[in-house]
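Each chain is listed here by its residues.
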Amino acid sequence: MIEKKGFSISKTVIYLVLTLWAVTTVYPFLWVILNSFKDRTQIVANSFVLPLGELFTTKNYNRAFTRFNIWGAYANSIIISGLVTVFVVIFAGLAAYGLARYSFKGRKALQSLVIASMMFPAFATIIPVFQMENSWGITNTSSVWLSRLSVILPQIAGNLSFAIVVLMGYIRGLPIDLEEAAFIEGCTPVRIFTKVIVPITKPSFVTVAIFSFLWSYNDLFTQMFFLRLEDQWPVTRLLREISSRESTDYGLMAASVTLIVVPIIVIYVVLQKQIIKGLTAGAIKG
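Residues numbered from 1 in each chain as written. Predicted model: local features only at pLDDT ≥ 70, side-chain atom pairs only at ≥ 80, totals over all residues. Heavy atoms only, no water.

1. Digging into the overall build of the protein chain
Next, step 1: Scanning the protein chain from terminus to terminus reveals 13 helices and zero strands.
Next, step 2: N-terminal to C-terminal, the α/β element order of the protein chain is α-α-α-α-α-α-α-α-α-α-α-α-α.
Next, step 3: Against the compact-globule benchmark of 19 Å for 286 residues, the protein chain has a radius of gyration of 24 Å, which places it well outside the compact range.
Next, step 4: In terms of its C-alpha atoms, the protein chain occupies a principal-axis envelope of roughly 75 × 75 × 35 Å.
Next, step 5: A separation threshold of at least 6 residues defines the contact pool for the protein chain, and within that pool the share at least 24 residues apart is 70%. (Helix = DSSP H or I, 4+ residues; strand = E, 2+ residues; numbered from the N terminus. Rg over C-alpha atoms; globule rule 2.2 N^0.38 Å. Contact = heavy atoms within 4.5 Å.)

2. Re helix α7 (residues 144-172)
Next, step 1: Taking 1.5 Å per residue, 29 residues should reach 42 Å; α7 reaches 41 Å between its end C-alpha atoms and fits that length.
Next, step 2: At Leu160, α7 shows its maximal bend, which comes to roughly 35 degrees. (Expected span 1.5 Å × (residues − 1). Bend = angle between axes of the 7 residues up to and from the residue.)

3. A few points about the packing of helix α5 (residues 107-116) against α7
Next, step 1: At their nearest, the axes of α5 and α7 sit 8 Å apart, and the two run at 130 degrees to each other. Taken as axis vectors, α5 and α7 run oblique relative to one another. Between α5 and α7 lies a crossing whose hand is left-handed. Contact with α5, carried on its side by Gln111, Val114 and Ile115, involves Ser161, Ile164, Val165, Met168 and Arg172 of α7 and no other residues of that element.
Next, step 2: Here the residues of the contact of α5 with α7 are counted per class, giving five nonpolar, two polar and one charged. (Axes fitted to C-alpha atoms, helices over the stretch in contact; angles between N-to-C directions. Parallel < 35°, antiparallel > 145°, perpendicular 65-115°, else oblique. Left-handed = near helix turned anticlockwise from the far one by under 90°. Nonpolar A, V, L, I, M, F, W, Y, C, P; charged D, E, K, R; others polar.)

4. Some remarks on the layout of surface pockets
Next, step 1: As a volume, the largest pocket reaches approximately 730 Å³.
Next, step 2: In terms of lining residues, the largest pocket is bounded by 25 residues, among which Ala122, Pro154, Ala157, Gly158 and Asn159 are the most central.
Next, step 3: For the lining of the largest pocket, the elements supplying multiple residues, two or more each, are α6 (122-136), α7, α10 (202-217) and α11 (220-226).
Next, step 4: Within the lining of the largest pocket, the residues separate by chemical class into 15 nonpolar, eight polar and two charged.
Next, step 5: The computed volume of the second largest pocket comes to approximately 340 Å³. (1 Å grid on protein atoms, 1.4 Å probe; cavity = no way out; pocket = protein on both sides within 12 Å on 5 of 7 lines; lining within 4 Å. Points joined across faces, edges and corners; volume = space filled by probe spheres on them.)

Function cannot be inferred from these measures alone, as they are strictly geometric.
Here's what the structure looks like:
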């Protein structure tokens, strides 16, 4: 009885701490959203009052869409992040399958290099990457697609190591019997990968895709280096420009942050089960 009571008390304390942590985490986002519906003259005076009655206005959103190319920035973000996600999933899936299932000289060294590459941040490699891409003629151009390519390439490279490690850990834990049976039936390695491995490892592929998309979407550092023209800016680059131009216009800032950040939060909340499922499955099986 005492143990049960002690367990109940400890569980209550844990839930209380997690609840307080969740409130302190969610409240700033909620505060920004609420203040985005207030006139900029009312935010300082009534920043903690609900936007009801005369306080409610949509002028901040109207000004955001009028003064800035929000839809164009969304299009740039979706195209860049979408392509990064697709290529990371394809390349990481093939690399993880090869490293997990095939024996060849240098495999262990290659695995070590993949893991070691995760220790190098983008800040340490951005200058040689910029010089290399500049020699190719794809940086500082008026071509939107070449500029997008200059961002896509380093983002793919930056996400590959994490994706390979997650997928490799999951694939290693899969029973090899299914692959052997498919091989006996005459399936080629490519067909085994696409028809056997990919369906089974779907949770990990979904996790890798979500993280790759979110990291690419939020990668302001790389975007600042390679995207100079306004029609090439993704949403995070646009938000940085808005904050530098309109730092004292709190209403416009709140509306811009809401338009840019809230969609990503919604995506993460909707897909959080898939993220946790893929990460925990890879950790257990690896």
